[in-house]
Amino acid sequence: MKLTPTPITAALAGIFAGVAMPLLWPRLGGETLNWVFAFLLVVALPVHVLVVGFNPPRESAGKGALDTALFKRVVVWLLAALATIALMRLLSV
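All of the points below concern the structure found in this document. (Residues numbered from 1 in each chain as written. Predicted model: local features only at pLDDT ≥ 70, side-chain atom pairs only at ≥ 80, totals over all residues. Heavy atoms only, no water.)

Close contact between helix α2 (residues 32-52) and helix α3 (residues 68-92) brings their axes to 10 Å; oriented N to C, the two are set at 135°. Considering their axes alone, α2 and α3 lie oblique with respect to each other. As α2 packs across α3, the resulting crossing turns out to be right-handed. Facing α2, whose interface residues are V43, V47, V51 and V52, α3 presents L70, R73, V74 and W77. A breakdown of the residues in the contact of α2 with α3 according to their chemical character gives 7 nonpolar, no polar and 1 charged. (Axes fitted to C-alpha atoms, helices over the stretch in contact; angles between N-to-C directions. Helix = DSSP H or I, 4+ residues; strand = E, 2+ residues; numbered from the N terminus. Parallel < 35°, antiparallel > 145°, perpendicular 65-115°, else oblique. Left-handed = near helix turned anticlockwise from the far one by under 90°. Contact = heavy atoms within 4.5 Å. Nonpolar A, V, L, I, M, F, W, Y, C, P; charged D, E, K, R; others polar.)

In a regular helix each residue adds 1.5 Å, so 18 residues correspond to 26 Å; helix α1 (residues 7-24) covers 25 Å between its end C-alpha atoms and thus fits that length. Looking at α1, one finds that the buried residues are T9, A10, A13, G14, A17, G18, A20 and M21. Of the surrounding elements, those touching the buried residues of α1 are α2 and α3. (Expected span 1.5 Å × (residues − 1). Buried < 20%, exposed > 50% of the residue type's maximum accessible area, 1.4 Å probe, protein only.)

For the rest of this paragraph, the subject is the nonpolar core. By size, the foremost hydrophobic cluster in this structure holds 12 residues: A10, A13, A17, A20, M21, L28, A38, V42, V43, V47, V51 and W77. At the level of secondary structure, the elements contributing two or more residues to this core comprise α1 and α2. The contact partners of A13, leaving out residues within four places of it in the chain, are P46, L50, V51 and W77. (Core = buried A, V, L, I, M, F, W, Y, C linked by side-chain atoms within 4.5 Å.)

With that settled, the discussion passes to the layout of surface pockets. There is about 180 Å³ of room inside the second largest pocket. In this structure, the second largest pocket is lined by M21, P22, W25, I85, M88, R89 and S92. When its residues are assigned to classes, the lining of the second largest pocket shows 5 nonpolar, 1 polar and 1 charged. (1 Å grid on protein atoms, 1.4 Å probe; cavity = no way out; pocket = protein on both sides within 12 Å on 5 of 7 lines; lining within 4 Å. Points joined across faces, edges and corners; volume = space filled by probe spheres on them.)

Glancing now at the environment of M21. Residue placement: M21 occurs in helix α1. When the C-alpha atoms of M21 and A38 are compared, they prove to be 7.8 Å apart, with 17 residues separating the residues in sequence. Residues contacting M21, with those up to four places away along its chain left out, are L28, W35, A38 and V42.

Here it is as structure tokens:
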């Protein structure tokens, strides 16, 4: 199955991280290894798959050029995660 990262998949990754991480946060305790695994599974893996993708485009505008599509997906991911966290805080109060 080939998965192409889009702004929608980036938003889904942000929503997942925004829901899962605040729920896991109080249960992780002081164990550093728990934090590493939680970050890898809840944030890094979904971001890599749904925002960055596995096949970066080979054609680039040149060295140091900004990949605008990737930049847009990262912004969508961050905004979705922040909005989800804010919404969860509003609903839990």
